[in-house]
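Examination of the molecular architecture
Below are the chains, spelled out letter by letter.
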Amino acid sequence: TLGPLEQNVLVMKMPNITKEFAANRIYESFRVLPSLQAPSRSLMITSSSREKENTPRDRVPRTVSVDMLSRNISIILENLLKHYEQSQLPTHGQSLPTVVRTNILIRSMGPVSELGMDYSMDCYFRQYWRDKRLSFKGPIKSLSLSIKMLDKIWRPDTYFYNGKHSHIHTITVPNKLLRLDQNGGILYSMRLTIKATCPMELKNFPMDRQSCPLVIGSYGYTNRQLVYEWQNHDDAVTFVPGMTLNQFDLISMMHRNSTSRRREGDFSVLHVAFNLKRHTGYFLIQVYVPCILIVVLSWVSFWIHREATSDRVGLCVTAVLTLSTISLDSRTDLPKVKYATALDWFLLMSFLYCIATLLEFAGVHYFTKLGSGEIPRMEQWEDICTTDTSQEHISEAEAEGEAEGEVDPEPEDDIIYVTENEENDKISESLNSSNEICDCGVEHEALGLEYEQGLPSTLTTAAGGVGFRKCNTLICPIYNDPGYIFPKASSHASTMERTTQTEPPAVSRMKQMWLCLKSDESFRKQRERDAAAQNTGQRRGATSYVNSVSLIDRVARVAFPMSFAFFNLLYWLAYGMYKKEFSWSTIKS
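Residues numbered from 1 in each chain as written. Predicted model: local features only at pLDDT ≥ 70, side-chain atom pairs only at ≥ 80, totals over all residues. Heavy atoms only, no water.

As for the overall build of the protein chain
Looking only at helices and strands, the protein chain has 17 helices and 14 strands in total. Of all 589 residues assigned to the protein chain, the portion counted as buried reaches 34%. Summed over its atoms, the accessible surface of the protein chain is roughly 36900 Å², and 57% of this surface lies on carbon and sulfur atoms. (Helix = DSSP H or I, 4+ residues; strand = E, 2+ residues; numbered from the N terminus. Buried < 20%, exposed > 50% of the residue type's maximum accessible area, 1.4 Å probe, protein only. Areas by Shrake-Rupley, 256 points an atom, 1.4 Å probe, with all protein chains shown as cover.)

In structure tokens, the structure reads:
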């Protein structure tokens, strides 16, 4: 047991604790007796010297004010949420709607898909509202809170009316920000990737302009409970400097406040429309220029000889197939719409020109082609095969035979038949007079070997190895008609009929066009006879060539390029100069 003196010494050593210190459980105030608050100067010097020795120079000692600040923030939040009702609006019971102000900062935009008719963008979506139940007083003007506080306070049920797929970025942590100020103002910001629908009108594709909207509103609160407004109306929707799109140019942007009427009532919504203009450079390089070059390439057939059937047809068919491939490839990224786009009209025009080139050759081949084969004509034919030289050759052979007295004891039957048969004499005379049958010398016998089989044996041989042979069809422009080459014994009426046929009655051009479209066989035959007669008359002047350039080809060489250039001019004026004006009435939400 301690004596009275020792007890008094122990009491003097214990500190004197006031009532305020004992009453405050969280030690907000710490008060002691003046004797304890003011220690001796020597003790303070020794204690400070020891702290300097034991504490590093770069280390800041934790003061009592920092601990008190953190404790005060925790106490403030606990007191604010003590009687807070999360399910009630901030203006509950005040007959006033809660106002939510919104703004958007767009970091990137795209891609814009025509096939799905949608677009996507990465943005910072900010909402600001005031909740007086969360107001507080103190030296701190605003508090940055953890996102866990979002589960304990009221927040608006904002969603995107035309959104298809949106998500919040969560790497490395959920990209959200929550800030509270003294007046109860709450700033809620998050980073979103929004994919929204964009109804498109593709009639002017790829020279079109599109307006892609974004509609923001509340899912469950009507405009009597919750109202949305744009914050800083002039700068409500902004972009990061240097932002560009791949396929479009952002030419303008519109935003407004409006009301959406639904079955549940009227809802406050925010509209923003991004007006875009498409780049045409890609389509010029990949579609327009190749199509124009293919059409121009198909016109090369106008300069190819009309006897080269396989070459001209193959060129036109290749052009049509190439255009088909380009057309199918250009439609892969487009939706199956019910109307034709500007690109479809251009491809259709290119198709029509390639097909018209093929049909033009069909007309040339059917109506104006003279001759049947592709054997080249021989320039020496006029010198070799003439009626006068054949007659002189036969007369010289007979004269030499009479002079020398050399007579063949056993002449061939066909030679006797030729010299004695009057009907054959008439045939040969008629053929020689019309320059349709030529007698060739032995030195040029190879010219007619291919054509001997088509003639009677009575006309294939003659005296001295000289015979009558059918001329090349390229030179004698007759369609191998034996009745025309070997006419029957002519009477006076038939002779008159043939002479009158050389000058057919004049037929109007409209009637000729009708007969051509009708494919009148007699009219075609008559044109062949007229051309053959005209060609035969010109043969003596050495200016005759059957496979000449058709008049249709000559006209097509000028008509096709001029008309194609004219249609291209109209096309680019109609679609290139058209500018769509954007307004809220034309935007489809």
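A word on the side chain of Thr222
Positionally, Thr222 belongs in the loop between β8 (209-218) and β9 (226-230). With residues up to four places along the chain from it excluded, the contact list for Thr222 reads Glu264, Asp266 and Phe267. (Contact = heavy atoms within 4.5 Å.)

Considering the nonpolar core
Tyr119, Leu214 and Phe274 are the most contacted members of the largest nonpolar core, which totals 78 residues. Not counting the four nearest positions on each side in its chain, Leu214 is found in contact with Ile104, Tyr119, Met121, Phe160, Asn162, Ile194, Ala196, Leu270, His271, Val272 and Phe274. (Core = buried A, V, L, I, M, F, W, Y, C linked by side-chain atoms within 4.5 Å.)

Observations concerning the sheet that holds strand β12 (residues 265-278)
By definition, the strands of a sheet pair up through backbone hydrogen bonds, in either a parallel or an antiparallel sense. Read across the open sheet, the four strands follow the order β4-β8-β12-β11; overall the sheet is antiparallel. This sheet does not close on itself; its edge strands, each paired only once, are β4 (158-160) and β11 (248-262). Neighbour to neighbour, the strand axes of the sheet diverge by 20 degrees on average, direction disregarded. One ladder, built from 14 bridges, connects β11 with β12; its direction is antiparallel. Within β12, the residue paired with Asn257 across the bridge is Leu270. (Pairing = 2+ DSSP bridges. Axes fitted to C-alpha atoms, helices over the stretch in contact; angles between N-to-C directions.)

Some thoughts on helix α7 (residues 309-330)
A rise of 1.5 Å per residue sets the reference length of α7, with its 22 residues, at 32 Å; its end C-alpha atoms lie 32 Å apart and thus fit the reference within 8%. Among all positions in α7, only Arg312, Cys316, Ala319, Val320, Leu323, Ile326, Ser327 and Ser330 are buried. Angular distribution of buried residues about the axis of α7 spans 125 degrees; they occupy a single face of the element. Exposed and facing more than 90 degrees away from the buried side of α7 are Ser310, Leu321, Thr325, Leu328 and Asp329. (Expected span 1.5 Å × (residues − 1). Arc of directions from axis to C-beta.)

Notes on the pattern of salt bridges
Scanning the entire structure with this criterion turns up 14 salt bridges. Between Arg107 and Asp122 there is a salt bridge; the shortest N-O distance is 2.8 Å. Residue Arg107 is located in strand β1 (residues 98-113), and its partner Asp122 is located in strand β2 (residues 118-130); the two are separated by 15 residues in the primary sequence. You can call Asp122 buried: its relative accessible area is 9%. (Salt bridge = Lys/Arg side-chain N within 4 Å of Asp/Glu carboxyl O.)

Here we look at the state of the cysteines
Throughout the structure, instances matching the rule amount to one disulfide. Here Cys198 is linked by a disulfide to Cys212, with a sulfur-sulfur distance of 2.1 Å. Taking the sign of the S-S torsion, -75 degrees for the link of Cys198 and Cys212, the bridge is left-handed. In this pair, Cys198 is assigned in the loop between β7 (185-197) and β8 and Cys212 in strand β8, connecting sequence segments 14 residues apart. Assessed through its relative accessible area of 0%, Cys198 is described here as buried. In this structure Cys212 comes out as buried when scored by relative accessible area, which is 0%. (Disulfide = S-S within 2.5 Å.)

Considerations on the packing of aromatic side chains
The tally for this structure, following the rule as stated, stands at 20 aromatic pairs. Note on Tyr159 and Tyr161: the rings are 4.8 Å apart at their centroids and 20 degrees apart in plane angle, and the pair reads as stacked. A residue is classified by how much of its surface remains accessible, and Tyr159, at 25% relative accessible area, is partly exposed. Where Tyr353 meets Phe560, the ring centres are 6.1 Å apart and the plane angle is 80 degrees; that geometry is what we call edge-to-face. Taken together, the residues span a long stretch of sequence, with Tyr353 in helix α8 (residues 342-367) and Phe560 in helix α17 (residues 551-576) at a distance of 207 residues. Across the pair, Phe560 and Tyr353 agree in class, each one buried. Three or more aromatic residues joined by ring pairs form one cluster here, namely Tyr288, Phe346, Tyr571, Trp572 and Tyr575. Lying over the aromatic face of Tyr339, Lys203 brings its terminal NZ or CZ to 5.7 Å of the ring centre. The ring centre of Phe267 lies 3.8 Å from the NZ or CZ of Arg262, which sits over that ring. (Phe/Tyr/Trp six-rings, centres within 6.5 Å; stacked < 30°, edge-to-face > 60°. Lys NZ or Arg CZ within 6 Å of the ring centre and 35° of its normal.)

Focus: the side chain of His271
Locating His271 in the fold gives a position in strand β12. The class for His271 is buried, based on a relative accessible area of 9%. A distance of 3.2 Å separates a polar atom in the side chain of His271 from a polar atom in the side chain of Ser258. (Polar contact = N/O pair within 3.5 Å; in protein donor to acceptor, adjacent residues only side chain to side chain.)

Side note on the packing of α7 against α8
In the contact formed by α7 and α8, the axes pass within 10 Å of each other and the chain directions differ by 170 degrees. On the basis of their axis angle, the class for α7 and α8 is roughly antiparallel. The element α7 and its partner α8 pack so that their crossing is left-handed. Of α8, the residues touching α7 (which contributes Thr309, Arg312, Val313, Cys316, Ala319, Val320, Leu323, Ser324, Ile326, Ser327 and Ser330) are Leu343, Leu347, Ser350, Phe351, Cys354, Ile355, Thr357, Leu358, Glu360, Phe361 and His365. Of the residues belonging to the contact of α7 with α8, the class tally is 13 nonpolar, seven polar and two charged. (Parallel < 35°, antiparallel > 145°, perpendicular 65-115°, else oblique. Left-handed = near helix turned anticlockwise from the far one by under 90°. Nonpolar A, V, L, I, M, F, W, Y, C, P; charged D, E, K, R; others polar.)

Concerning a nonpolar patch on the surface
Together, Val313, Val317 and Leu321 make up a nonpolar patch on the protein surface, roughly 220 Å² of accessible area in all. The class of Val313 is partly exposed, set by a relative accessible area of 30%. (Patch = residues over 30% accessible without salt bridge, like charges linked within 9 Å, V, L, I, M, F, W, Y side chains within 5 Å.)

From the geometry alone we can't say anything about function, so treat these as descriptive.
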